[in-house]
Amino acid sequence: MFKKILVFILVFTIVAGIGAGYFFLYQEKESEIRLRKNMEVELDSTLKDREKIREELGRIKDDYQKITQELEKGMVKNEELLNEAGKMVTDLDGAKSEIIVLSQEREVLLRRLEEQDAKLEKYQIKLKDEISKSAEREPMTEDDNVQLENITVDEDSLEAEPLPEGKVTQIKAEIMAFNKEYGFIVLNRGTKDGVEIDSLYEFNIKGQLKGRLKPDRVYESMSVLDILEGRESITEGMNIEIFPEE
């Protein structure tokens, strides 16, 4: 009987040990399965994050290329602007030099005009003196062999031309000089013909209104006028008619 009890206890112990072993193995396997699943989830999340990072890097690379291209275009445009600015500075320096030269030429021309006007005044004074001396000479006598039979007199021509009353309304003149750079003309009419320094004038060419003039310098027999309008209609040597602007 005692042996049977021992055998039963031994068999029970062995079965219990085997059962406990299977239980522990099952628990360890379950833990391993859970750990594997957790690792797979983490690995999948890591792969997704890696893909997102790769896409973000791709976008950053594209943006970098676009920015690089824009910077290159900006550098090229900046270089072009610098070149244009250099050309403008060069042109401006040339224009300044040309203006200085033209100013000097204008002053020389105006001085020459003043000299010519002074000479003309001297000639006019000399002519008046000669006329006065001629008038003071003795009248002709009968001894002078002057034949008047063939001389005819037109009575209409003896009528004195009436002098204009008040301000001259229209002046016919010839353009003696025309400066295209500065836009002024020189006329063979001056104060004795009615040209006034403080007036504005309009001018006709062959009866048609072409532009406006402003006196700059007025002498006795000539004047310098700036062209306000109608420069394209003017040529040197042509005849025009000027009259005060209303």
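Residues numbered from 1 in each chain as written. Predicted model: local features only at pLDDT ≥ 70, side-chain atom pairs only at ≥ 80, totals over all residues. Heavy atoms only, no water.

Chemist: I keep staring at the pattern of salt bridges and nothing clicks. Help me out?
Modeler: A side chain with one charge may pair with a side chain of the opposite charge, provided their charged atoms come close. Under the criterion given, the structure shown has six salt bridges. With a closest N to O distance of 3.5 Å, Arg36 and Glu32 form a salt bridge. Taken together, the positions of Arg36 and Glu32, both in helix H1 (residues 2-135) and four residues apart, correspond to about one turn of that helix. Residue classification places Arg36 among the partly exposed positions, given a relative accessible area of 48%. By relative accessible area, which is 46% here, Glu32 ends up partly exposed. Across the salt bridge formed by Asp193 and Lys192, the nearest N and O atoms sit 3.4 Å from each other. (Salt bridge = Lys/Arg side-chain N within 4 Å of Asp/Glu carboxyl O. Helix = DSSP H or I, 4+ residues; strand = E, 2+ residues; numbered from the N terminus. Buried < 20%, exposed > 50% of the residue type's maximum accessible area, 1.4 Å probe, protein only.)

Chemist: Sorry if this is basic, but what is going on with the packing of aromatic side chains here?
Modeler: Two descriptors summarise a pair of aromatic rings, namely the distance from one centre to the other and the angle between the planes of the rings. Scanning the model with the defined rule gives one aromatic pair in all. Seen in terms of ring centroids, Phe23 and Phe24 are 5.9 Å apart; in terms of plane orientation they differ by 65°. Their pairing is edge-to-face. A relative accessible area of 47% means that Phe23 is categorised as partly exposed. A residue is classified by how much of its surface remains accessible, and Phe24, at 58% relative accessible area, is exposed. (Phe/Tyr/Trp six-rings, centres within 6.5 Å; stacked < 30°, edge-to-face > 60°.)

Chemist: Which parts of the structure should I look at to understand unusual backbone geometry?
Modeler: Both trends apply: most residues other than glycine have a negative phi, and most peptide bonds are in trans. Of note, Lys206 is a non-glycine position whose phi angle comes to about 55°, a positive value. Note on Lys206: relative accessible area 84%, which makes it exposed.

Chemist: I tried to follow the nonpolar core on my own but got confused; where do I start?
Modeler: It is characteristic of soluble globular proteins that their nonpolar side chains tend to be buried jointly. Of all hydrophobic cores here, the largest spans 18 residues; its most connected members are Ile175, Ile185, Leu187, Leu213, Ile240 and Ile242. Residue assignment for this core shows that the elements contributing at least two residues are strand S1 (171-179), strand S2 (184-187), strand S3 (201-205), strand S4 (208-218), strand S5 (223-229) and strand S6 (239-244). A total of four residues in this core trace back to one element, the largest contributor, which is S1. Excluding its chain neighbours within four sequence positions, the residues that come into contact with Leu213 are Ile185, Leu200, Tyr201, Phe203, Leu225, Asp226, Ile227, Leu228, Ile240 and Ile242. Among the nonpolar cores identified, the runner-up in size contains eight residues, and Leu110, Leu113, Phe184 and Val224 belong to it. (Core = buried A, V, L, I, M, F, W, Y, C linked by side-chain atoms within 4.5 Å. Contact = heavy atoms within 4.5 Å.)

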